[in-house]
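# Coordinates in review
One-letter residues, chain by chain:
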Amino acid sequence: MLVVGLVAAGIYFKLPDWRRDTLLSRYRLGADESAEEFQRGHFHFVCAQASRPQAEELASGLERYVEGLIGTFGAPLKIEPETDPVTLYLFESGDQLRDEYQRRYRASLSNNGGFYNPLLGEIVIVAGEQLSASAFHEVGHMVLDRWVVGKRGRWTRWLDEGLATYFEKVVEQQGRLKWGDLDPQALREGKSLIANQRWLTVDELGQATEGDFRRRENSRYYTQSYLLVHFLLHAGQGAYRDGFLRYYDLERLGDLGRTSPARLAGALSMSSAQLDRSWRAYVLGQDE
Ligand SMILES: [Zn+2]
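Residues numbered from 1 in each chain as written. Predicted model: local features only at pLDDT ≥ 70, side-chain atom pairs only at ≥ 80, totals over all residues.

What follows deals with the overall build of the protein chain. Helices and strands together make up the secondary structure of the protein chain, namely 12 helices and seven strands. Counting across all 288 residues of the protein chain, residues that qualify as buried make up 35%. Across the protein chain, contacts joining residues at least 24 apart in sequence account for 63% of those joining residues at least 6 apart. (Helix = DSSP H or I, 4+ residues; strand = E, 2+ residues; numbered from the N terminus. Buried ≥ 20, exposed ≤ 12 C-beta atoms within 10 Å, placed from the backbone. Contact = placed C-beta atoms within 7 Å.)

Viewed as axis vectors pointing N to C, helix α4 (residues 131-148) and helix α5 (residues 157-168) meet at an angle of 135 degrees, and their least axial separation amounts to 8 Å. When the axes of α4 and α5 are compared, the pair comes out oblique. When you trace α4 past α5, the crossing you get is right-handed. Counted together, Ala133, Phe136, His137, Gly140, His141 and Leu144 of α4 and Asp160, Leu163, Ala164, Thr165, Phe167 and Glu168 of α5 form the full contact between these two elements. Among the residues making up the contact of α4 with α5, the classes are represented as six nonpolar, four polar and two charged. (Axes fitted to C-alpha atoms, helices over the stretch in contact; angles between N-to-C directions. Parallel < 35°, antiparallel > 145°, perpendicular 65-115°, else oblique. Left-handed = near helix turned anticlockwise from the far one by under 90°. Nonpolar A, V, L, I, M, F, W, Y, C, P; charged D, E, K, R; others polar.)

Here helix α6 (residues 184-195) is 12 residues long and its end C-alpha atoms lie 16 Å apart, about the 16 Å a rise of 1.5 Å per residue gives. Along α6, the residues that are buried comprise Ala186, Glu189 and Gly190. Taken around the axis of α6, the buried residues stretch over an arc of 100 degrees, which confines them to a single face. Exposed residues pointing more than 90 degrees away from the buried face of α6 are listed as Pro184, Arg188 and Ala195. Residues of α6 that are buried sit in contact with α9 (219-238) and α12 (272-284). After α6 finishes, the residue glutamine 197 shows a positive phi value of roughly 55 degrees. (Expected span 1.5 Å × (residues − 1). Arc of directions from axis to C-beta.)

Here it is in structure tokens:
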């Protein structure tokens, strides 16, 4: 009885891992008939057979997006594309994404539409309504990680998320991709955070951790990171842009992931309090 009990316990505890690995191997190895792989431009796509048309459409969209990013930000943000393709897994459900994240990081993911794994150089996203936005966002992280700093480590969280979210909010105008239109939903959320005294200061945002961006109540961290990047690139007809790029270089060339919010203010020749005031005034002064 004891032996049977142990064997049963062994199977019981092994089963969840085994099932997840099987699920993943479908995508990784193409072991399952339904898995498809193809390469297009900078990306190697892995998807279920049923998602192939959506993956093909995403593939063309992503190539345009990447070319646009390089054309627009290649010089100021020092983007140097690699030729190695990045693997992009297109999952079919949010549950599959959350399982995979849990398996890899032993941490839970609440309401994110995908993630980028810097160690493996892989992007995992869920097919669905927000597919392009999720893919643009994660590819933004990949660009900063691989094509800007060459996998040296992780950027300060607000800057990484702020830029990825700014990149994600691209619009098409007269057949061309354009960045910088202020996202109305983010603006509304920003104003509401200020009105409800839930707005984070630059200091608070600058010290936000990976966990803050992953929890269920993570929306204000993303929104404010985006609004701060938008302010730094566009406020006062670009008055803060050079200072922002100096701060970006402090991260890029030296203290990746370790620059304090005070150094952002310093790069702008402002105090943190002045920066806070100007940033809030910028958000409140924008028409919805
Ligand atoms: Zn992100």
